[in-house]
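What the coordinates show
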Amino acid sequence: MIIDAHTHYVPKGWPDLGWAQAPRLRVESEREAMILLGDREFRRIADDCWNPSVRLDQMDADGVDVQVVSPTPVFFSYQRPAAQAVGVARILNDLALEICASERLVPFCQVPLQDPDLACAELDRCLAAGHAGVEIGNHVGDRDLDDEGIVQFLQHCAAVGAPVFVHPWDMPESPRLQRWMAQWLVGMPAETHLSVLALILGGVFDRISDDLRVCFAHGGGSFAFWLGRFENAWHRRNDVVGTSEFPPSAYLERFSVDSIVFDERALRLLVDTMGEDRVMLGSDFPYPLGESPVGSLIGNAGFLSDTARAKLLGGNAARFLGR
């Protein structure tokens, strides 16, 4: 069983979301569309975002049995009033169920994370309707994953058994980051790394039971490469960094990461750091910076045993999903 734990969808259309710069879709043909933020072009997409038949055909071509299908982060709406954000979540979550009617497509919902009570209620509604888990952004404005309200939501996820997929979004902007897609090439890894630190140094793992199943996108960002620096700082500057009960390395079994690192040397470091039970296949399908063919890095990695390869390709994701 090969399970791709990191894919996204965009519906072919949705109602007016209610504010001037809200995401909308300009459909240009049966197969192509443009996401707009107000009148600004954000991202060109194709029918593999919304057409399950096209998606399933590509899965067959790549040998993928199951996809976890998560929202595209531009729709999170965390910067909007909570009542507006929950309205957006309900619209997108219901449309996701239509796209994911096949049992091979496993939908994850989005929630208004800026309001923990509304977020918990929307998660419960979605789980009852057929969603299998939730994707969240890695921060809400300046509130990171150790924010009290977000911790309340994560505690609820642990209590109801909902897996949580953390995706970077809303990266900082500056003239230096506008070149070369630097927000994606530098900002996303840094944002993800920072959020892993928040769960550890913010004491979240100390407060939430290990019933919480959480996976970080994009290989956990730069975390694996810099764990040694993180560990050194915890011991040498414990007056500043020692805000968790244990050193950072003690928490590696509390979370997972996906495999989107594109290089066998990076994958080896990821597996060596996290362990073969904590890395799962992810592709970022259907976006152009994703892995294609899906699973090729894991499939061709010479250092993996057959047992480890099977875990990375599907076994770990099945456990994450509670299957």
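Okay, so let's go over this structure. All chains use their own residue numbering, which begins from 1 and follows the written sequence. Totals for whole chains, interfaces and linings use every residue, but because this is a predicted model, local features are given only for residues with pLDDT of at least 70 and side-chain atom pairs only at 80 or more, for both listing and counting. The basis for the side-chain values is all heavy atoms of the structure; hydrogens and waters are excluded.

1. Focus: the sheet that holds strand 3 (residues 32–37)
Strand pairing is assigned whenever DSSP identifies at least 2 bridges connecting the two strands. Secondary structure elements follow DSSP: runs of H or I no shorter than four residues count as helices, runs of E no shorter than two count as strands, and numbering proceeds from the N terminus. Taken together, the three strands give an open sheet; going across it, the order is 2-3-4, and neighbouring strands pair in antiparallel fashion. Lying at the two open borders of the sheet, with one neighbouring strand each, are strand 2 (23–27) and strand 4 (40–46). The average angle at which neighbouring strand axes cross in this sheet is 30 degrees, direction not considered. Axis angles are defined between N-to-C directions and span 0 to 180 degrees, where every axis is a line fitted to C-alpha atoms and, for a helix, only to the segment in contact.

2. Let's talk about the nonpolar core
To define a nonpolar core, start from buried Ala, Val, Leu, Ile, Met, Phe, Trp, Tyr and Cys residues and group those joined through side-chain atoms within 4.5 Å. Burial classification: accessible surface area is computed with a 1.4 Å probe over protein chains only, and a residue below 20% of its type maximum counts as buried, one above 50% as exposed, and the rest as partly exposed. Core analysis: the largest hydrophobic core is formed by 86 residues, its most contacted members being Ile136, Phe153, Phe223 and Phe255. Every residue pair with non-hydrogen atoms within 4.5 Å of one another is taken to be in contact. Apart from the residues within four sequence positions on either side, isoleucine 136 is in contact with Phe76, Tyr78, Val111, Leu113, Leu145, Phe153, Leu154, Val164, Phe165, Val166 and His167. Listed in part, the 14 residues of the second largest apolar core include Ile3, Val66, Met280 and Ala318.

3. Let's talk about the side chain of serine 70
Take serine 70: it is sitting in strand 5 (residues 66–70). Discounting residues that sit within four places of it in the chain, serine 70 has contacts with Thr7, His8, Tyr9, Phe108, Glu135 and Phe165.

4. Side note on the pattern of salt bridges
By salt bridge we mean one thing: a side-chain nitrogen of Lys or Arg within 4 Å of a carboxyl oxygen of Asp or Glu. This structure, assessed with the given rule, holds 15 salt bridges. Here arginine 237 makes a salt bridge to aspartate 239, at a shortest N to O gap of 2.9 Å. A salt bridge links arginine 265 to aspartate 263, with the shortest nitrogen-to-oxygen separation between them at 2.9 Å. Accessibility expressed as a relative area gives 67% for arginine 265, which makes it exposed. Beyond isolated ion pairs, a larger network of salt bridges with shared partners links Arg26, Glu28, Glu41 and Arg44.

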